[in-house]
Amino acid sequence: MVRNANRLAGGTVTWMELAKPSRDRLPGYLDAVRRGWMGDRPLFGSTEALLALAALDQDRVLDRLSDRETNGELYFPDGSTAPRIPALFCWMWDEDGFAGNIDLRWQPGTDALPDYVPGHLGYGTVGWKQGHGYAMKALSQMLPLAKREGLNFVELVTSDDNHASGAVIEKNAGVLVERFRQVPLLGGGDALRWHILL
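In short, a report on the structure. (Residues numbered from 1 in each chain as written. Predicted model: local features only at pLDDT ≥ 70, side-chain atom pairs only at ≥ 80, totals over all residues. Heavy atoms only, no water.)

**Let's talk about the packing of helix H1 (residues 26-34) against helix H4 (residues 58-66)**
A pair of packed helices can be characterised by two numbers: the angle between their axes and the separation between those axes.
Inference 1: For the pair H1 and H4, the least separation of the axes is 12 Å and the interaxial angle reads 85°. The angle between the axes of H1 and H4 places the two elements in the roughly perpendicular class. Contacts between H1 and H4 involve Leu26, Tyr29 and Leu30 from the first element and Gln58, Val61, Leu62 and Leu65 from the second. (Axes fitted to C-alpha atoms, helices over the stretch in contact; angles between N-to-C directions. Helix = DSSP H or I, 4+ residues; strand = E, 2+ residues; numbered from the N terminus. Parallel < 35°, antiparallel > 145°, perpendicular 65-115°, else oblique. Contact = heavy atoms within 4.5 Å.)

In C-alpha cells, the structure reads:
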C-alpha cells in the first residue's frame, strides 16, 4: 500500500511498509497474536475469539480487518459492544514480517467521532519491535490517507503517562489539545487528546 524504503542508522527501522491485511501475510499476523499481540481487540473481543475464528475461516478474519464500512460491532473490555464506524486497517510490515498495526477511523462528512472511539488514529507496535521508530513511520504514512478521506485534522488519544506515544505524535506535528477523563467504556483514567492538522 505505502512503501518507505529509506535506510536509517542508529537502531531505527530500516524498511517498513503499510500493508492491507492479506491472506499471504495473515500467518505472520496470527503468529504475533499467538505471541501476545492483540492490537485489534475491539474487532474480535479477545485473542481466543480471533484465533478460534481464524481456525474456522481465515477469510472472515480478513473480511473483518479489510471492511472499510460500518458492518459489525466493536467489542470492549467490559463485554459491551457498539456499532462500528468506517475504518481503514493497515499492518506495519518489515523484512521480518508483522511489526504492528495502525488504523484510521472516521465518520463521513464530519471530523467528529462517537465518544466510544478513542481518536481518528490508533496504532501499536509489537513488544519485540518497540523503540525503533515503527509507530513514527506508520503515523507519517497514514496522515495523507486521512486527508484523502476528507478529514481536516486527526485526533489521537493517549494515556497521560504514555510519553513514547506523545513523542511520536509530536514528531508528526501533533499538538496537545487537552487532558481529560476517558469514558468508562474505554476504561476511564486520565488521558491526553492530541490533534494533527492535515
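There is more to say after this.
**Observations concerning the pairing of strand E7 (residues 121-125)**
Inference 1: With respect to burial, E7 is a largely interior element, 4 of its 5 residues being buried.
Inference 2: Of the pairings in the sheet, the one linking strand E6 (residues 97-105) to E7 comprises 5 bridges and is antiparallel in character. What sits directly across from isoleucine 102, in E7, is tyrosine 123. (Buried < 20%, exposed > 50% of the residue type's maximum accessible area, 1.4 Å probe, protein only. Pairing = 2+ DSSP bridges.)

**Overview of the sheet that holds strand E9 (residues 175-181)**
Inference 1: The strand order E8-E10-E9 describes an open sheet built from 3 strands, whose pairing is antiparallel. Of all the strands in the sheet, the pair left with one neighbour each is strand E8 (153-159) and E9. Each strand of the sheet is rotated relative to its neighbour by a mean of 25°, with strand direction disregarded.
Inference 2: As judged from the 7 bridges shared by E8 and strand E10 (residues 190-197), these two strands associate in the antiparallel manner. Bridge pairing in E10 links glutamate 155 to histidine 195.

**With respect to the packing of aromatic side chains**
Where two aromatic rings form a pair, the distance of their centres and the angle of their planes describe that pair.
Inference 1: All chains considered together, the criterion is met by 7 aromatic pairs.
Inference 2: Summarising the aromatic geometry, the rings of tyrosine 29 and tryptophan 91 are spaced 4.7 Å apart at their centres and angled 15° between planes, so their arrangement reads as stacked. Of the two residues, tyrosine 29 sits in helix H1 while tryptophan 91 sits in strand E5 (residues 87-94), which places them 62 residues apart along the sequence. Comparing tyrosine 29 with tryptophan 91, the two get one shared label, buried.
Inference 3: Geometry around tryptophan 128 places arginine 35 over its ring, the cationic atom sitting 3.8 Å from the centre. (Phe/Tyr/Trp six-rings, centres within 6.5 Å; stacked < 30°, edge-to-face > 60°. Lys NZ or Arg CZ within 6 Å of the ring centre and 35° of its normal.)

Everything listed here is a matter of geometry and, on its own, says nothing about what the molecule does.
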